[in-house]
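For reference, the chains in residue letters:
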Amino acid sequence: NKFYSLNNFIDIKNTNFVGYNFVSYKSKIKKIIVDGKFVNLLKHECKCILILDISPFYFESGGQVGDKGFLIGNNFLFFIDNVKNVDGFYIHCGFLKFGYLRIGDYIKSCVDFDFRKKCSINHSSTHLINYVLKQVLSNNIKQVGSYIDDFKLRFDFSYNCSLNSDI
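Read on for a plain summary of the structure. (Residues numbered from 1 in each chain as written. Predicted model: local features only at pLDDT ≥ 70, side-chain atom pairs only at ≥ 80, totals over all residues. Heavy atoms only, no water.)

### A few points about the overall build of the protein
Next up, step 1: Check the secondary structure of the protein and you find one helix and 13 strands.
Next up, step 2: Counting from the amino terminus, helix and strand elements in the protein follow one another as β-β-β-β-β-β-β-β-β-β-β-α-β-β.
Next up, step 3: For the protein, with 167 residues in total, the buried portion stands at 41%.
Next up, step 4: Of all intrachain contacts in the protein linking residues separated by at least 6 positions in sequence, the fraction that spans at least 24 positions is 63%.
Next up, step 5: When the accessible surface of the protein is split by element, carbon and sulfur atoms take 51% of a total near 9,900 Å². (Helix = DSSP H or I, 4+ residues; strand = E, 2+ residues; numbered from the N terminus. Buried < 20%, exposed > 50% of the residue type's maximum accessible area, 1.4 Å probe, protein only. Contact = heavy atoms within 4.5 Å. Areas by Shrake-Rupley, 256 points an atom, 1.4 Å probe, with all protein chains shown as cover.)

### Remarks on the packing of aromatic side chains
Both the distance between ring centres and the angle between the ring planes are used here to describe each pair of aromatic rings.
Next up, step 1: Within this structure, the stated rule accounts for seven aromatic pairs.
Next up, step 2: Taken together, a centroid distance of 5.1 Å and an interplanar angle of 80° make the contact between Phe 59 and Tyr 90 edge-to-face. Highlighted residues: Phe 59 in the loop between β6 (54-55) and β7 (69-72) and Tyr 90 in strand β9 (residues 89-99), separated in sequence by 31 residues.
Next up, step 3: Accessibility expressed as a relative area gives 26% for Phe 59, which makes it partly exposed.
Next up, step 4: Since its relative accessible area comes to 7%, Tyr 90 is described here as buried.
Next up, step 5: Through successive ring pairs, a cluster of aromatic residues spans Phe 17, Tyr 20, Tyr 58, Phe 59 and Tyr 90.
Next up, step 6: Above the face of the Tyr 106 ring, Lys 26 is positioned so that its terminal group lies 4.9 Å from the ring centre. (Phe/Tyr/Trp six-rings, centres within 6.5 Å; stacked < 30°, edge-to-face > 60°. Lys NZ or Arg CZ within 6 Å of the ring centre and 35° of its normal.)

### With respect to the pattern of salt bridges
Next up, step 1: Taken as a whole, this structure holds six salt bridges when the rule is applied.
Next up, step 2: Arg 116 serves as the salt-bridge partner of Asp 67, at 2.6 Å between the closest nitrogen and oxygen. With a gap of 49 residues between them, Asp 67 in the loop between β6 and β7 and Arg 116 in helix α1 (residues 113-136) connect regions that are remote in the sequence.
Next up, step 3: You can call Asp 67 buried: its relative accessible area is 3%.
Next up, step 4: Of the charged contacts, one joins Asp 149 and Lys 152 as a salt bridge, the two residues approaching to 3.3 Å between their closest N and O atoms.
Next up, step 5: On the accessibility criterion, Asp 149 (8% relative accessible area) is buried.
Next up, step 6: Taking relative accessible area as the criterion, Lys 152 reaches 47% and is therefore assigned partly exposed. (Salt bridge = Lys/Arg side-chain N within 4 Å of Asp/Glu carboxyl O.)

### Quick look at the environment of Asn 139
Next up, step 1: Note that Asn 139 resides in the loop between α1 and β12 (142-148).
Next up, step 2: It is 19 Å that separates the C-alpha atoms of Asn 139 and Ser 165, two residues lying 26 residues apart in sequence.

### A word on the nonpolar core
Next up, step 1: Residues Ile 29, Leu 42, Leu 50, Leu 71, Phe 76, Phe 78 and Leu 101 are the most contacted members of the largest nonpolar core, which totals 19 residues.
Next up, step 2: Listed by contribution, the elements that provide at least two residues to this core are β2 (24-34), β5 (47-52), β8 (76-86), β9 and β11 (106-111).
Next up, step 3: Here the element with the most residues in this core is β8; it accounts for four residues.
Next up, step 4: Ignoring any residue separated from it by four or fewer positions in sequence, one finds Ile 29 in contact with Leu 50, Ile 51, Leu 52, Phe 76, Leu 101, Arg 102, Ile 103, Gly 104, Asp 105 and Ile 107.
Next up, step 5: Membership of the second largest hydrophobic core comes to eight residues, among which are Ile 33, Val 86, Ile 91 and Cys 93. (Core = buried A, V, L, I, M, F, W, Y, C linked by side-chain atoms within 4.5 Å.)

So, in C-alpha cells, the structure goes:
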C-alpha cells in the first residue's frame with residue numbers, strides 16, 4: 001500500500017467528515033497525489049488522489065464500498081469513484097475529467113446521493129439478515145464478513161451446526 005503511513009508525509013490535519021449531515025459541501029484541496037507522488041498542480045486528464053480538508057464522502061469500510069460523486073471548481077470537474085480512509089485522511093480516488101486543479105483550490109464536493117442511498121439500503125439489509133438468522137437458527141450465528149455496494153450485498157457468516165431444509 002503506497003499510503004500505509006501518510007502521517008509521516010503529510011503536514012496537515014486529518015480530514016473532517018461532514019457526511020452524516022451533508023451530501024455536498026465546500027472543501028479545500030490539501031494534497032494531490034499522482035502515481036504515489038505529491039504534486040502541486042494537475043492540468044491534464046488523469047487518475048489521481050485528492051485529500052480534502054472537509055469531506056461529505058463515506059469511505060470504504062466494513063465491506064461497504066466508498067461513496068462516488070464529483071468535485072467541481074472554477075476550472076475543473078473531477079469524478080470520484082471511491083474513497084478510502086488511511087491514517088485519518090480521506091483518500092478521494094478519481095479522475096480529472098477536464099480543466100486543471102491545484103492545492104488550495106476551493107471546491108464543491110458532491111456525493112452521488114442515489115448511489116449512497118442504494119448502498120445504505122443494502123447495508124441495512126445485512127443487519128436484517130443477521131437478525132433473522134439469529135432468530136431462525138440461534139445466537140451462535142456470527143457475521144464474519146460482507147460486501148456491500150449499490151447493486152448487491154454478500155453476507156458471510158459462521159454457524160456451528162449444519163443447515164438443512166427443515167429449518
